Amino acid sequence: EVQLVESGGGLVQPGSSLKVSCVASGFTFSSYVMHWFRQAPENGIEWLAYINTDSSSTHYAETVKGRFTISRDNAKNTVDMQLSSLRSEDTAMYFCARGAYYGYLDYWGQGVMVTVSS
Amino acid sequence: DIQMTQSPASLSASLGETVTIECLASEDIYDILAWYQQKPGKSPQLLIYDASSLHTGVPSRFSGSGSGTQYSLKINSLQPEDFASYYCQNGLSAPPTFGAGTKLELK
């Protein structure tokens, strides 16, 4: 069974940093691209970042470029995202998702909440 | 980026009814479109890809259609577990972009 489990969320102050992680199981992790998304309360789904299978290519949404960094460890079946210079508008549920063919996301984690507030 | 416009934003329906949700892309996405279901407090779940292909395990009461810039999701004979939010997604070009969602509520 494909599983993605996020961790690392919490309450942080504006300007601080946080790392969210996603551990995968039930499939050959190194064969799939991975993405991070977020969803603010009662809002839509926003794509944040992409990483290819061997980490040679990453892409970011303009809203987080230069502040967030995606990385992966194929030996540990994990994909992380380092969030820095956090703002109140970064408050959201953060999801990792497995990339299928084209731009489809065929499996998602349960999400981890990040709250940025003083 | 390709913009995805969904309608309606919310929809009330009764058990057993049939409903349709529409999605309009800002440019031709050549049927590279997905639909997701999201229940409160849960993550999105892929329902349909390539505009009309059902993902593994999705009941046949769900169907998708459309082409070019206009797509729709139809749910026949609504079941209690179908009351959720639904999102369309452009899968053709990066970044993946989503409609704002349709919240399906029990009348």
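Along each chain, the written sequence defines residue order, and numbers are assigned to residues from 1. Both sets of labels track the order of writing: A upward for chains, 1 upward for ligands. Where totals are concerned, whole chains, interfaces and linings use all residues; where local detail is concerned, this predicted model gives features only for residues with pLDDT of at least 70, and gives and counts side-chain atom pairs only at 80 or more. The basis for every side-chain value is the complete set of heavy atoms in the structure, and neither hydrogens nor water enter the calculation.

### Side note on the overall build of chain B
A run of H or I in DSSP becomes a helix once it reaches four residues, and a run of E becomes a strand once it reaches two; helices and strands are each numbered from the N terminus. For chain B, the helix and strand inventory stands at zero helices and 11 strands. In sequence order, chain B lays out its α and β elements as β-β-β-β-β-β-β-β-β-β-β. Since a compact globule built from 107 residues should have a radius of gyration of about 13 Å, the 13 Å found for chain B is in line with a globular shape. For the C-alpha atoms alone, the extent of chain B along its principal axes is close to 35 × 25 × 25 Å. The cut-offs for exposure are 20% and 50% of the maximum accessible area for each residue type, with area from a 1.4 Å probe on protein chains only; residues under the lower value are buried, those over the upper are exposed, and the others partly exposed. In chain B, buried positions account for 47% of the 107 residues. In what follows, a contact means two residues having at least one pair of non-hydrogen atoms within 4.5 Å. Residue pairs in contact within chain B that sit at least 24 positions apart in sequence constitute 56% of those at least 6 positions apart. Per-residue and other accessible areas were derived by the Shrake-Rupley procedure at a 1.4 Å probe size, with only the shown protein chains allowed to occlude residues. For chain B, the accessible surface area stands at approximately 4,900 Å², while carbon and sulfur atoms represent 47% of it. Counting rule for charge: Lys and Arg are taken as positive, Asp and Glu as negative, and neither His nor the chain ends is counted. A single reference atom marks each charge: NZ on Lys, CZ on Arg, CG on Asp, CD on Glu. For chain B, the separation between the mean place of its 6 positive charges and that of its 10 negative charges on side chains is 14 Å. Only C-alpha atoms enter the radius of gyration; for comparison, a globular chain is expected to reach 2.2 Å times N to the power 0.38, where N is the number of residues.

### A short note on the interface of chain B and chain A
Counting residues at the interface gives 19 residues for chain B, matched by 17 residues for chain A. Ranking the residues of chain B by area buried against chain A places Pro-44, Pro-96 and Phe-98 of chain B at the top, with a combined share of 29%. Salt bridge, as used here, is a side-chain nitrogen of Lys or Arg placed within 4 Å of a carboxyl oxygen of Asp or Glu. Inspection of the chain B/chain A interface yields zero salt bridges. Pairs of N or O atoms are called polar contacts if they sit within 3.5 Å, as long as, within protein, a hydrogen donor faces a hydrogen acceptor (for residues adjacent in sequence, only side-chain-to-side-chain pairs). For the pair chain B and chain A, the number of links is nine residue pairs in polar contact (both at pLDDT 80 or more). At the level of secondary structure, the elements contributing two or more residues to the side of chain B that touches chain A comprise strand E4 (33–38), strand E5 (45–49) and strand E9 (85–90) of chain B. Top contributing element to the side of chain B that touches chain A by residue count: E4 of chain B, with four residues. Accessible surface is computed with a 1.4 Å probe, and the buried area is the amount of it that two parts give up when combined, taken over both parts together.

### Here we look at the sheet that holds strand E8 (residues 78–83) of chain A
Residues and elements named next belong to chain A. Ordered by their spatial adjacency, four strands build an open sheet running E1-E3-E8-E7, and the pairing between neighbours is antiparallel. What marks the edges here is a single partner per strand, and that holds for strand E1 (3–7) and strand E7 (68–73). On average, each strand axis in the sheet is tilted by 15 degrees relative to the strand beside it, whichever way the strands run. Bridging between strand E3 (residues 18–25) and E8 involves six bridges; their strand directions are antiparallel. Residue pairing for E8: Ser-21 is matched across the bridge by Asp-80. A strand pair is defined by DSSP finding two or more bridges across the two strands. Between N-to-C directions, angles span 0 to 180 degrees; the directions come from axes that are lines fitted to C-alpha atoms, helices contributing only their stretch in contact.

### Quick word on a nonpolar patch on the surface
Side chains of Tyr-101 and Tyr-102 of chain A together with Tyr-30 and Leu-92 of chain B sit close together on the surface and give an oily, nonpolar patch of about 460 Å² of accessible area. If you trace the backbone, Tyr-30 of chain B turns up in the loop between strand E3 (19–25) and E4. Tyr-30 of chain B gets classed as exposed once you look at its relative accessible area, which sits at 57%. Patch building starts from residues that exceed 30% relative accessible area and form no salt bridge, then joins like charges within 9 Å and nonpolar side chains (Val, Leu, Ile, Met, Phe, Trp, Tyr) within 5 Å.

### Some points on the state of the cysteines
Only a pair of cysteine sulfur atoms within 2.5 Å qualifies as a disulfide here. Evaluated as defined, the whole model comprises two disulfides over all chains. Note on cysteine connectivity: Cys-22 of chain A is disulfide-linked to Cys-96 of chain A, with sulfurs 2.0 Å apart. Measuring handedness by torsion sign, the sulfur bridge of Cys-22 of chain A and Cys-96 of chain A sits at about 60 degrees and is right-handed. Residue Cys-22 of chain A is located in strand E3, and its partner Cys-96 of chain A is located in strand E9 (residues 92–99); the two are separated by 74 residues in the primary sequence. Of the residues examined, Cys-22 of chain A reaches a relative accessible area of 1% and is grouped as buried. Cys-96 of chain A sits in the buried class, given a relative accessible area of 0%. Paired through a disulfide, Cys-23 of chain B and Cys-88 of chain B show a sulfur-sulfur distance of 2.0 Å.

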